[in-house]
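The primary structure of each chain is shown beneath.
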Amino acid sequence: MTEFKQLDIYWMDLESSLGAETQKLRPCVIIQSDLVNIQSKTLIVAPLLPNHKSWPFAVNLTPTNDNGLDKDRHINLKQLRAIDISRIGKKQGKVENQYLQVIKQALTIIFDL
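If you're wondering where the values come from, they're calculated on a predicted model, not measured in any experiment.

Peer 1: Help me get a handle on helix α2 (residues 100-111), residues and values and all.
Peer 2: Over its twelve residues, α2 extends 16 Å from the first C-alpha to the last, a length consistent with the 16 Å expected when each residue adds 1.5 Å. Along α2, the residues that are buried comprise I103, A106 and L107. Buried residues along α2 cover an arc of 100° about the axis, so they all sit on one side. Against β4 (58-61) and β5 (73-76) lie the buried residues of α2. Looking one or two residues beyond α2, the residue adopting positive phi is D112, at roughly 55°.

Peer 1: Describe in detail unusual backbone geometry, supporting the description with residues and values.
Peer 2: Even without a glycine there, the phi angle at Q39 is positive, about 60°. By the element assignment, Q39 lies in the loop between α1 (34-37) and β3 (42-50). Phi is positive for N51, which is not a glycine, with a value near 75°.

Peer 1: Which residues make up a nonpolar patch on the surface, and what values go with them?
Peer 2: Residues L35, V36 and I38 make up a contiguous nonpolar surface patch of about 330 Å² in total accessible area. By the secondary structure assignment, I38 is in the loop between α1 and β3. Taking the relative accessible area as the measure of exposure, I38 reaches 58% and is therefore exposed.

Peer 1: A description of the packing of aromatic side chains should follow, citing residues and the corresponding values.
Peer 2: Under the defined criterion, the tally for this structure stands at two aromatic pairs. Between F4 and Y10 the ring centres are 5.3 Å apart and the planes differ by 70°, which places this aromatic pair in the edge-to-face class. You'll find F4 and Y10 in the same group, each marked buried.

Parameters and conventions
Counting starts from 1 at the beginning of each chain's written sequence and moves along it residue by residue. In keeping with the predicted nature of the model, local features appear solely for residues at pLDDT of at least 70, side-chain atom pairs appear and are counted solely at 80 or more, and the whole-chain, interface and lining totals rest on all residues. The side-chain quantities take in all heavy atoms of the structure and omit both hydrogens and water. Secondary structure elements follow DSSP: runs of H or I no shorter than four residues count as helices, runs of E no shorter than two count as strands, and numbering proceeds from the N terminus. Between the first and last residue of a helix there are one fewer steps than residues, each counted as 1.5 Å, and that sum is the expected span. When a residue's accessible area, from a 1.4 Å probe over protein chains only, is under 20% of the maximum for its type it is buried; when over 50% it is exposed; and in between it is partly exposed. Arc, as used here, means the arc of the directions from the helix axis to the C-beta atoms. Whether two residues touch is decided by their heavy atoms; if any such pair falls within 4.5 Å, the residues are in contact. Every patch collects residues that have over 30% relative accessible area and no salt bridge, joining them within 9 Å if they carry like charges and within 5 Å if they are nonpolar side chains (Val, Leu, Ile, Met, Phe, Trp, Tyr). Note that accessible areas follow from Shrake-Rupley with a 1.4 Å probe, and for residues the cover is restricted to the protein chains shown. By definition here, a salt bridge exists when the distance from a side-chain nitrogen of Lys or Arg to a carboxyl oxygen of Asp or Glu is within 4 Å. Centres within 6.5 Å are what make two rings of Phe, Tyr or Trp a pair, Trp counting through its six-membered ring; a difference in plane orientation under 30 degrees is then read as stacked, over 60 as edge-to-face, and the rest as tilted.

What follows is the structure, given as structure tokens:
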């Protein structure tokens with residue numbers, strides 16, 4: 001079994017989706033902790049969507065060698081999703097640790113924690 005790590009970016013098949021849910025094959029960030037990822041058959045992920053956004057629930061990323069992104073994208077934390085690991089494709093890269101605090105702040109806003 002592949003060892004999935006928090007902040008890893010993988011291509012994931014998000015079909016079938018309804019309404020305003022993020023669709024199609026796209027890069028996603030693993031959000032759940034490494035402790036929860038151990039031997040897990042599902043992962044909580046957030047999609048990476050094109051362009052930067054000024055939304056309080058979006059974390060903007062610029063392409064680097066570490067994250068392997070092809071263009072400016074944002075992590076849309078309002079679109080968190082639990083997915084079966086069978087939806088996971090090729091690894092793209094890893095979100096740099098410097099973004100973890102910003103991700104936590106956005107999740108705090110979303111869940112009013």
